[in-house]
Structure formats: structure tokens, C-alpha cells
Amino acid sequence: MDIRLSDKLQMKKSHPCGGVVFTVLRIGSDFRIRCETCGREIMLPRSKCEKMIKKVMREGEDHV
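Presented here is an overview of the structure given in this document. (Residues numbered from 1 in each chain as written. Predicted model: local features only at pLDDT ≥ 70, side-chain atom pairs only at ≥ 80, totals over all residues. Heavy atoms only, no water.)

1. Focus: the pattern of salt bridges
Taken as a whole and assessed by the stated rule, the structure comprises 7 salt bridges. Two residues, R58 and D2, come together in a salt bridge whose shortest N-O distance is 3.4 Å. Highlighted residues: R58 in the segment after β5 (53-57) and D2 in the segment before β1 (8-11), separated in sequence by 56 residues. The salt bridge involving K8 is made with E36; its shortest N-O contact spans 3.6 Å. Residue K8 is located in strand β1, and its partner E36 is located in the loop between β3 (30-35) and β4 (41-45); the two are separated by 28 residues in the primary sequence. For K8, a relative accessible area of 26% puts it in the partly exposed group. It is possible to trace a salt-bridge network through shared partners that takes in D2, R4, D7 and R58. (Salt bridge = Lys/Arg side-chain N within 4 Å of Asp/Glu carboxyl O. Helix = DSSP H or I, 4+ residues; strand = E, 2+ residues; numbered from the N terminus. Buried < 20%, exposed > 50% of the residue type's maximum accessible area, 1.4 Å probe, protein only.)

If you want it as C-alpha cells, here you go:
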């Protein structure tokens, strides 16, 4: 998947706070993402994160 820094990810499952939109802070073998609702940062393995992504949103684009 083509994921870039500061992309917004809409996930299939919600965070415990109820948010489903996350911002990408770090990419590599692990992703660091921040919940847009509560601000909590999460580190996830790349494989697990890619399975959970429903939609990728970028600045200047409608959706990917």
C-alpha cells in the first residue's frame, strides 16, 4: 500500500474512544498513528495496520 506521512486513515474498527480516523506519524516496519478524536498515539506492525485500513485520505485528493 502507498501510505505517506500525514495521510488520514479511516479504519474498519474504531478506537475505544469511538474515533475511526487516524493520522500517520511514522512509517516503516511499524506505523505510528494518532487518533483524531482523543489524540492517543499507537504503534502497530505494518501488516496489522494495512489489514485494518478502510480508506486513505490525502490533502488535495478526494480519496484513494
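After presenting the structure, the write-up continues.
2. What to know about the environment of K51
Its place among the elements puts K51 in helix α1 (residues 46-52). The class for K51 is exposed, based on a relative accessible area of 64%. For the pair K51 and K12, spaced 39 residues apart in sequence, the C-alpha separation works out to 8.8 Å.

3. Description of the state of the cysteines
Scanning all chains against the criterion turns up 0 disulfides. Sulfur of C17: no disulfide; nearest cysteine sulfur belongs to C35 and is 3.5 Å away. In this structure C38 is not part of a disulfide, and its nearest cysteine sulfur, from C17, lies 3.7 Å away. (Disulfide = S-S within 2.5 Å.)

4. What to know about the nonpolar core
Core analysis: the largest hydrophobic core is formed by 12 residues, namely I3, L9, M11, F22, V24, F31, I33, C35, L44, C49, I53 and V56. Elements that contribute at least two residues to this core include exactly β1, β2 (21-26), β3 and β5. The dominant element in this core, judged by the number of residues it contributes, is β3, at 3 residues. (Core = buried A, V, L, I, M, F, W, Y, C linked by side-chain atoms within 4.5 Å.)

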